[in-house]
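Here are the chains, one letter per residue:
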Amino acid sequence: MSSPENNQTFERLVRPHFDRLYRLAWRLTGSKAEAEDLFQDLLIKAYGKLDELVDLREPGSWLCRVMYNLFIDERRRFARRRLHLVDEGELSGDGLAGLPGPDDTDYDSQRIEKIKRLDAALRQLSDEHRIVVLLHDTEGYKMTEIQELTGVPVGTIKSRLHRARSRLRAILRADGTLL
C-alpha cells in the first residue's frame, strides 16, 4: 500500500539514479519506447521491494541488476513468441531514436552517418557482446560493476568485450567506416 512516507523514501533512494538507469535501459533495448517500458517496469518492481531497497548500501547497483534481469526475462519471453511485430523505426532503418536528421543544421551529416553505421554494427552483435560493449565503452561501467549487473565472471566479460570489439572493427572496416 502506497503512503506519502513510502513515496518520499522511494523518491529519495531512486531519483538520484534516474539518468543512469534510463541510459542503461536505452542501451539495453536500443529504442526509446522499449527503454521507457523497461524503466517503468523497473520502477514498479523496485517500489514493490521498497523494504529491501531501504536496507541496501548502494541502491544504484541493485537497481541496475534488477533492470538487467527484467531485460533478459523480456528477451527470453520474446524469443518464445512466434510472431515478431516490426515497428516503424525498424522499417525505416533508423534505430537511433531521437537522433536529428541530416537536414538539422546543428549536426554534421557525416558524423550522423557514422553514428548510424555504428548503431547498425552494434545491432549485428549478439546481446551478450552488445551489452558488454555498451556498458563498458559507452556508459563507463567497470568490469566489477558489469559482473555485479550481469552475474557473469570478470574473465568472461573481458573475453566478450575483446570479441565484441574485434567483431565491431571487422563490421566497420567492411562498410568503410574504419580504414
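See the structure printed just above.
Residues numbered from 1 in each chain as written. Predicted model: local features only at pLDDT ≥ 70, side-chain atom pairs only at ≥ 80, totals over all residues. Heavy atoms only, no water.

Caption draft 1: Highlighting the packing of helix H9 (residues 143–150) against helix H10 (residues 154–174). Between H9 and H10, the shortest axis-to-axis distance is 9 Å and the interhelical angle comes to 105 degrees. Put simply, H9 runs roughly perpendicular to H10. Note on element contacts: H10 touches H9 through Val154, Ile157, Lys158 and Leu161, opposite Met143, Ile146, Gln147 and Thr150. Each residue belonging to the contact of H9 with H10 can be placed in one class, and the counts come to 5 nonpolar, 2 polar and 1 charged. (Axes fitted to C-alpha atoms, helices over the stretch in contact; angles between N-to-C directions. Helix = DSSP H or I, 4+ residues; strand = E, 2+ residues; numbered from the N terminus. Parallel < 35°, antiparallel > 145°, perpendicular 65-115°, else oblique. Contact = heavy atoms within 4.5 Å. Nonpolar A, V, L, I, M, F, W, Y, C, P; charged D, E, K, R; others polar.)

Caption draft 2: The pattern of salt bridges, seen in detail. Enumeration over the complete set of coordinates arrives at 9 salt bridges. Between Arg15 and Glu11 there is a salt bridge, and its shortest N-O distance comes to 2.7 Å. The exposure class of Arg15 is partly exposed, given its relative accessible area of 44%. Taking the relative accessible area as the measure of exposure, Glu11 reaches 37% and is therefore partly exposed. With a closest N to O distance of 2.7 Å, Arg23 and Glu139 form a salt bridge. Of this pair, Arg23 sits in helix H2 (residues 18–29) while Glu139 sits in the loop between helix H8 (127–138) and H9; the two residues are 116 residues apart in sequence, bridging distant segments of the chain. Classification of Glu139 as buried rests on a relative accessible area of 16%. Three or more residues joined by partner-sharing salt bridges are found here, namely Arg23, Arg27 and Glu139. (Salt bridge = Lys/Arg side-chain N within 4 Å of Asp/Glu carboxyl O. Buried < 20%, exposed > 50% of the residue type's maximum accessible area, 1.4 Å probe, protein only.)

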